[in-house]
Amino acid sequence: MDSYEIRLCGTGGQGLILAGRILADAVVREGRWVAQSQAFEPLSRGGVSQADLVISSSMVDFPLVSDLDFLLVLDELAVAGTHELLTPASSILLDSERVATDVLDACRPIRLPLVETARTLGNLRAANMVALGALVALTDVCQRDSLEAAMLRVSPKGFQQINQRAIEVGCGLGAESKQPA
Amino acid sequence: MPNATSASTQNGRRLVQGNAACAHAAVAAGCRFFAGYPITPSSEIAERLSGELPKAGGVFVQMEDEIASMGAVLGASLGGVKAMTATSGPGFSLKQEHIGYAGMAEIPCVVVNVMRGGPSTGLPTRPSQADVMQARWGTHGDHPIIVLTPASVQEIYEQTVRAFNLAEACRVPVVVLYDEVVGHLLETVTLPAPGTVALTARKAPPPNEAAFVPFADTPDGVPPMARFGDGNRIHTTGLVHGEDGFPTQAPEVIDRVMRRVLNKLDHHVELIESYETHAVDDAELVVVAYGITARAARRAVRLARDRGIKAGLFRPVTLWPFPERPLRDLAAHAKAILVPEMNAGQLCLEVERLCAAYGSVERLNRIDGEPIAPAAILQRLEQMG
């Protein structure tokens, strides 16, 4: 199978569905096919929220994820629904502040201060973009340029400057964590 | 969902959300009136059309409720405008009264139902396929209706266009029925260029024709439809009416008119019937599935074939009237049929009616708000094989 499966999850209000939308847009612009789905709860804030992507070099047959290649978790609440989608080859990125549980430790997750970085940048809601920056540095999903261009097309005008900075810092965090120990 | 449609890439492919594709298709199909009341998971259709319809010279109205929305759609259509509404389960229930009126008065209209879990408020943000029978039999009395069920974002676009064409050709309400998964799915699609979509015009009588009989029989069972204001004398009612449009209680007239109304779709089977098959030529196990479940089934069939199981897929695109003959032909050569659905068992009843004489019909149902995975269908095929 030539597909690549990603889940971005956390709680409602963290901008995960917007992040999925931006990442999907970046990948389509690079010429690949994407199916992006989501799940959320009927709450204005909170509850589990997730955005899934299936990326392929040809038309996607079944558009929902089944074996994740990459999992991002921004809130511990979302961990429970991910176990059956993980394989020994799955890469996992956890927020070091919001995900305290060790249940995924067997999968050797990377822990990065995504939320804390966003707070330092001046807006907690940019944690989703810090995470996307880290994801792009850690994987070959798309080029950073494509991600930034997609962010500028999709995200609200008032957030573009901080989102740009968040992607940049996130990329740095991802690249550092990729260095061999 | 901000900006649920991306700009086109160099190769003409775009990332589009299912509900956004529905809205764009409606405009391309010539829809110029939408009345509705927002409801998850269909709201993006209304949201998008509130911006797109005025730009196309059309009208968008957010009504006070679903009952009034459906009434407004019928009024617009009687005025000669292609009209639609969009909703989900609870709203679909409320629209049923006027969907029946559209059937009786033969008013073309399109109703989109993006299915969520039910009954009642149910699971507003989670998918189901539990309105299959409501789409066919939701309103009271015998009535004609067409139901189309797309399985991808690309197909939502195509089937929404087709819904308008069928509504105009047959003077019936047409339901576009899909689950929350494909409604909220963003997929890479190639949409036709504006103005290149083939459209069906409503059959109209010459204006000011003194001898016009509004509900007279025709060779294809569909009378021409006069537009209010064009000078033809017409009377519209939900009461059973004679060829002149006025209420009647004469049994021979009732029988004649109602048989025409109920049988008119039979004249248009080639236009209405649509389905897709995959790997069915030598299939011993046939999966009958629609919507997102059909895409899980397609993968399951491929994986089953890899394991030496002779499985195939029959996917109705037109759900009602159900493509009876093509499925019967397949069933006659199969050992067993499997019907996976995100409900407690609805389309399986139709499949059992059609195919029980040929072999066993098995069910696979999921009602927990989660879609059926390819692995679950594969597992059943392995047990059946």
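Residues numbered from 1 in each chain as written. Chains lettered and ligands numbered in written order. Predicted model: local features only at pLDDT ≥ 70, side-chain atom pairs only at ≥ 80, totals over all residues.

## A few points about the overall build of chain A
On a plain count of helices and strands, chain A comes out with 5 helices and 6 strands. In terms of C-alpha radius of gyration, chain A reaches 15 Å, essentially the compact-globule figure of 16 Å for 181 residues. Counting only C-alpha atoms and orienting by the principal axes, one finds that chain A spans roughly 45 × 40 × 35 Å. A total of 181 residues make up chain A; the buried ones form 50% of that total. Considering only contacts in chain A between residues 6 or more positions apart, those separated by 24 or more positions represent 64%. (Helix = DSSP H or I, 4+ residues; strand = E, 2+ residues; numbered from the N terminus. Rg over C-alpha atoms; globule rule 2.2 N^0.38 Å. Buried ≥ 20, exposed ≤ 12 C-beta atoms within 10 Å, placed from the backbone. Contact = placed C-beta atoms within 7 Å.)

## Looking at the domain arrangement of chain B
All names here are of chain B. Here chain B is partitioned into domain 1 (13-190) and domain 2 (276-384). Each of domain 1 and domain 2 has a C-alpha centre, and the two are 26 Å apart. Across the boundary between the two partners, domain 1 contributes 23 residues, which contact 19 residues of domain 2. Looking at the side of domain 1 that touches domain 2, the elements that each hand over two or more residues are strand 6 (123-127), helix 5 (132-137), strand 7 (146-148), strand 8 (173-179) and helix 7 (180-184). Considering each element in turn, the side of domain 1 that touches domain 2 owes the most residues, 4 residues, to helix 5. Residue classes in the side of domain 1 that touches domain 2 are distributed as 15 nonpolar, 5 polar and 3 charged. (Domains from an automatic or database assignment. Nonpolar A, V, L, I, M, F, W, Y, C, P; charged D, E, K, R; others polar.)

## Regarding the interface of chain B and chain A
With 23 residues of chain B in contact, the opposing surface of chain A contributes 23 residues. Counting only elements with at least two residues in the side of chain B that touches chain A, the list comes to strand 1 (13-17), strand 6, helix 7, strand 9 (186-190), helix 10 (291-306) and helix 13 (374-384) of chain B. Among the elements that line the side of chain B that touches chain A, the one with the most residues is helix 10 of chain B, at 4 residues. Grouping the constituent residues of the side of chain B that touches chain A by class yields 11 nonpolar, 7 polar and 5 charged.

## Considering the confidence of the model for chain A
For chain A, the average pLDDT comes to 93, and 98% of its residues sit at 70 or higher. The lowest-confidence element of chain A is strand 2 (residues 33-39) of chain A, averaging 94 in pLDDT; the highest-confidence one is helix 3 (residues 127-138) of chain A, averaging 98. (pLDDT = per-residue confidence, 0-100.)

## So, the sheet that holds strand 2 of chain A
Within the open sheet, the 8 strands sit side by side as 6(A)-5(A)-4(A)-1(A)-3(A)-2(A)-9(B)-1(B). Their pairing is mixed. Two strands in the sheet have a free side with no partner beyond their single neighbour: strand 6 (110-112) of chain A together with strand 1 of chain B. For this sheet, the mean angle separating the axes of adjacent strands, direction not counted, is 20 degrees. In terms of strand pairing, strand 5 (residues 91-95) of chain A meets strand 6 of chain A through 3 bridges, oriented parallel. Its bridge partner being in strand 6 of chain A, A:L93 is matched across the sheet by A:I110. (Pairing = 2+ DSSP bridges. Axes fitted to C-alpha atoms, helices over the stretch in contact; angles between N-to-C directions.)

## So, the confidence of the model for chain B
On average, residues of chain B score 96 in pLDDT, and 97% of them are at 70 or above. Among the scores for the predicted complex, ipTM is 0.89 and pTM is 0.95.

## Comments concerning the packing of helix 1 (residues 18-28) of chain B against helix 6 (residues 153-170) of chain B
All names here are of chain B. Axis separation between helix 1 and helix 6 bottoms out at 8 Å; the angle between their running directions is 30 degrees. In terms of axis orientation, helix 1 runs roughly parallel to helix 6. As for how helix 1 packs across helix 6, the hand of that crossing is right-handed. Residues G18, A21, C22, H24, A25, A26 and A28 of helix 1 form the contact with helix 6, whose participating residues are V153, I156, Y157, T160 and V161. Split into classes, the residues belonging to the contact of helix 1 with helix 6 amount to 9 nonpolar, 3 polar and no charged. (Parallel < 35°, antiparallel > 145°, perpendicular 65-115°, else oblique. Left-handed = near helix turned anticlockwise from the far one by under 90°.)

## Digging into the sheet that holds strand 11 (residues 285-288) of chain B
All names here are of chain B. With mixed pairing, 5 strands are arranged side by side in an open sheet as 10-12-11-14-15. Pairing within the sheet leaves two strands with one partner each, and these edge strands are strand 10 (275-278) and strand 15 (360-365). The average angle at which neighbouring strand axes cross in this sheet is 20 degrees, direction not considered. Taken together, the 4 bridges between strand 11 and strand 12 (residues 311-316) define a ladder with parallel strand orientation. By the bridge assignment for strand 12, L285 is matched with A311. Contacts from helix 11 (residues 324-331) reach strand 10, strand 11, strand 12 and strand 14 (336-341), with the element oriented near 155 degrees to strand 11. Those strands touched by helix 12 (residues 347-355) are strand 11, strand 14 and strand 15, and its axis lies near 165 degrees from that of strand 14.

## Let's talk about the pairing of strand 15 of chain B
Residue and element names in this part refer to chain B. Where strand 14 lies against strand 15, 6 bridges are found, and the strand directions are parallel. Within strand 15, the residue paired with A336 across the bridge is S360. As for the winding sense of the linkage, the β-α-β connection from strand 14 through helix 12 to strand 15 is right-handed. (Right-handed = clockwise from strand over helix to strand, strands pointing away.)

## Remarks on the packing of helix 1 of chain B against helix 2 (residues 43-55) of chain B
Residue and element names in this part refer to chain B. Helix 2 packs onto helix 1 with a crossing angle of 40 degrees between their chain directions and a minimal axis gap of 8 Å. Classified by chirality, the crossing of helix 2 by helix 1 is right-handed. Residues N19, A20, C22, A23, A26 and V27 of helix 1 lie in contact with helix 2, whose contacting residues are E44, I45, R48, L49, E52 and L53. Per-class residue counts for the contact of helix 1 with helix 2 are 8 nonpolar, 1 polar and 3 charged.

## Looking at unusual backbone geometry
Residues and elements named next belong to chain B. Following T40, the chain continues into P41 via a peptide bond in cis, with omega recorded as 5 degrees. Relative to the elements of secondary structure, P41 occurs in the loop between strand 2 (33-36) and helix 2. The omega torsion across W320 and P321 is -5 degrees, close enough to zero to call that bond cis. Within the fold, P321 resides in the loop between strand 13 (318-320) and helix 11. Of note in the backbone geometry, E106 takes a positive phi value of approximately 60 degrees without being a glycine. Even without a glycine there, the phi angle at N208 is positive, about 60 degrees. For N208, the position within the fold is in the loop between strand 9 and helix 8 (251-263). By the C-beta count within 10 Å, which is 11 here, N208 ends up exposed.

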